[in-house]
Amino acid sequence: MSPSQPKRTINSVVAQHLCLSCGTCVSICPQQAITMTESPGGLLLAEIDESSCNECGLCYRVCPGDHLTEGSLRAGEDPFVGPVIAAYCGQASDSRILQSGQSGGIATALLSYLMDMGQIDRAIVTRMPQDGLLRPQSIVATTPSELLSTQGSKYCPVALNSILRYISKVQISRTAIVGLACHFHGLRNMPQNRADGFIKIGLICERVMTFCAMDFLILKSDKPRHDVVSIRYKDKSLGGWPGDVGILDTSGNIIRVKQSIRHWCKGRFTPPRCYLCFDKMNVLADI
Ligand SMILES: Cc1cc2nc3c(=O)[nH]c(=O)nc-3n(C[C@H](O)[C@H](O)[C@H](O)COP(=O)(O)OP(=O)(O)OC[C@H]3O[C@@H](n4cnc5c(N)ncnc54)[C@H](O)[C@@H]3O)c2cc1C
Ligand code: SF4
Ligand code: SF4
Ligand code: SF4
């Protein structure tokens, strides 16, 4: 194909329901022509502003929606498990991190340790702001105390990789990133000098749920939507591990929604692309 010919864009991926909301295309687009847009069904999908697009094709090249860079999965390795050097079981020894953690707080404890030891300057993490918008926000945290506000799993679409455009090449080697398998597939598809060197802390992931699941959980709390400022999918302050859903209202009250209702939502609000995902164990993560 000659350079002047228009190249394939992510439009074909989105049209085939293969967009997994990773945000990688947003960060690579030289024209800043791509935004993440919510569909009526609560999906988060990439959308091109055609008037700004120069059809360079970079967005499609990095998109993990329908391909993964050749050689990412090595022959002889189990593609569903990936290379395993050692396996350990543990939890955070800091009680604050343990209490606010989704599981044992290990993800945050590791980041905190790396910061304390001067091995990283920043971490790309995701928090649920208490602003009533109920949409997760990926941030670059630079202090251990900032990390605390990002604990807990957000079982909804997160366009984590869109933030990569703010990380310069020289910063990469001193940056950790916490992500799902599809985020790291997008990272692997990026040009090497924009992707290699991050410390990748991977989360196991069976699926996310659409934003409509959040609306449903709020409905079950009997709180009007405008009275809700935030949500925790598993709130350990409500009856221990693993925790019921906690809906935070404008008066600071936490309303409990039983975890059985969250489980019920899984089968009803799963984005189609998650059903095609082979990588539940996050094989490209470092840990
Ligand atoms: C969508 C999703 C599905 C999951 N499914 C499973 C599963 O089926 N089985 C299983 O064993 N574990 C699953 N996990 C992992 C589990 O919920 C915990 O995240 C993990 O055990 C780490 O817990 P922790 O206490 O160490 O993390 P914490 O110390 O609580 O830190 C959580 C970290 O996760 C990051 N994070 C939260 N939500 C997201 C998100 N949506 N995208 C990217 N980063 C995020 C935060 O930035 C934070 O750094 C899932 C996680 C997510 C986000
Ligand atoms: S790069 Fe990610 S967000 Fe963009 S179209 Fe592909 S899957 Fe969707
Ligand atoms: S083809 Fe190029 S300019 Fe157009 S949206 Fe994709 S990356 Fe951006
Ligand atoms: S199941 Fe796969 S595609 Fe779906 S959110 Fe998890 S890692 Fe991404």
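Keep in mind it's a predicted model, so treat the numbers as computed, not measured.

## Focus: the domain arrangement of the protein chain
Here is step 1: Here the domain parsing of the protein chain yields domain 1 (11-62), domain 2 (95-208) and domain 3 (211-268).
Here is step 2: Using C-alpha coordinates to define each centre, domain 1 is positioned 30 Å away from domain 3.

## Quick look at helix H9 (residues 211-220)
Here is step 1: For H9, the full list of buried residues reads Phe211, Ala213, Met214, Phe216, Leu217 and Ile218.
Here is step 2: On its buried face, H9 sits against strand S1 (34-38), strand S2 (44-48), strand S7 (228-235), strand S8 (244-249), strand S9 (254-257) and helix H10 (259-268).
Here is step 3: In the segment just after H9, aspartate 222 is the residue with positive phi, at about 65 degrees.

## A few points about a negative patch on the surface
Here is step 1: Together, Glu47, Asp49, Glu50 and Glu55 make up a region of like negative charge exposed at the surface.
Here is step 2: Within the secondary structure, glutamate 47 sits in strand S2.
Here is step 3: A relative accessible area of 45% means that glutamate 47 is categorised as partly exposed.

## A closer look at the nonpolar core
Here is step 1: Counting 21 residues, the largest nonpolar core has Met214, Leu217, Ile231, Tyr233, Ile247 and Cys265 as its most contacted members.
Here is step 2: For this core, the secondary structure elements donating two or more residues are H9, S7, S8 and S9.
Here is step 3: Here this core takes 6 residues from H9, the largest share from any one element.
Here is step 4: Both domains that meet at this core, namely domain 2 (95-208) and domain 3 (211-268), each give it at least three residues.

## Focus: the layout of surface pockets
Here is step 1: In this structure, the second largest pocket spans a volume of roughly 400 Å³.
Here is step 2: Every residue lining the second largest pocket is counted, 19 residues in all, and those nearest its centre are Met36, Leu44, Pro136, Ala159 and Ser162.
Here is step 3: At the level of elements, S1 and strand S4 (137-141) are the ones that each hand at least two residues to the lining of the second largest pocket.
Here is step 4: With 4 residues, S1 is the single largest residue contributor to the lining of the second largest pocket.
Here is step 5: Of the residues assigned to the lining of the second largest pocket, the class counts are 11 nonpolar, 5 polar and 3 charged.
Here is step 6: Lining the lining of the second largest pocket are residues from two domains, each supplying at least three of them: domain 1 (11-62) and domain 2 (95-208).

## Side note on the sheet that holds S9
Here is step 1: The strand order across the open sheet built from 3 strands is S7-S8-S9, with neighbouring strands paired in antiparallel fashion. For this open sheet the edge positions go to S7 and S9, each flanked by a neighbour on one side alone. Within this sheet the neighbouring strands show an average axis-to-axis angle of 25 degrees, counted without direction.
Here is step 2: Where S8 meets S9, 4 bridges bridge the pair, whose relative direction is antiparallel. Within the sheet, the bridge partner assigned to isoleucine 247 lies in S9 and is isoleucine 255.
Here is step 3: The strands that H9 touches are S7, S8 and S9; relative to S7, the one it contacts most, it runs at about 95 degrees.

## So, the pairing of strand S5 (residues 175-179)
Here is step 1: By the criterion of burial, S5 is predominantly enclosed, with 5 of the 5 residues buried.
Here is step 2: The alternating pattern of S5 places Thr175, Ile177 and Gly179 and Ala176 and Val178 on opposite faces, both of which are buried.
Here is step 3: Sheet topology note: the S5/strand S6 (residues 199-202) ladder contains 4 bridges and is parallel. Looking at the pairing, alanine 176 lines up with isoleucine 199 of S6.

Quick notes on the rules
- Residues numbered from 1 in each chain as written.
- Chains lettered and ligands numbered in written order.
- Predicted model: local features only at pLDDT ≥ 70, side-chain atom pairs only at ≥ 80, totals over all residues.
- Heavy atoms only, no water.
- Domains from an automatic or database assignment.
- Buried < 20%, exposed > 50% of the residue type's maximum accessible area, 1.4 Å probe, protein only.
- Helix = DSSP H or I, 4+ residues; strand = E, 2+ residues; numbered from the N terminus.
- Contact = heavy atoms within 4.5 Å.
- Patch = residues over 30% accessible without salt bridge, like charges linked within 9 Å, V, L, I, M, F, W, Y side chains within 5 Å.
- Areas by Shrake-Rupley, 256 points an atom, 1.4 Å probe, with all protein chains shown as cover.
- Salt bridge = Lys/Arg side-chain N within 4 Å of Asp/Glu carboxyl O.
- Lys, Arg positive; Asp, Glu negative; His and termini not counted.
- Charge placed at Lys NZ, Arg CZ, Asp CG, Glu CD.
- Core = buried A, V, L, I, M, F, W, Y, C linked by side-chain atoms within 4.5 Å.
- 1 Å grid on protein atoms, 1.4 Å probe; cavity = no way out; pocket = protein on both sides within 12 Å on 5 of 7 lines; lining within 4 Å.
- Points joined across faces, edges and corners; volume = space filled by probe spheres on them.
- Nonpolar A, V, L, I, M, F, W, Y, C, P; charged D, E, K, R; others polar.
- Pairing = 2+ DSSP bridges.
- Axes fitted to C-alpha atoms, helices over the stretch in contact; angles between N-to-C directions.

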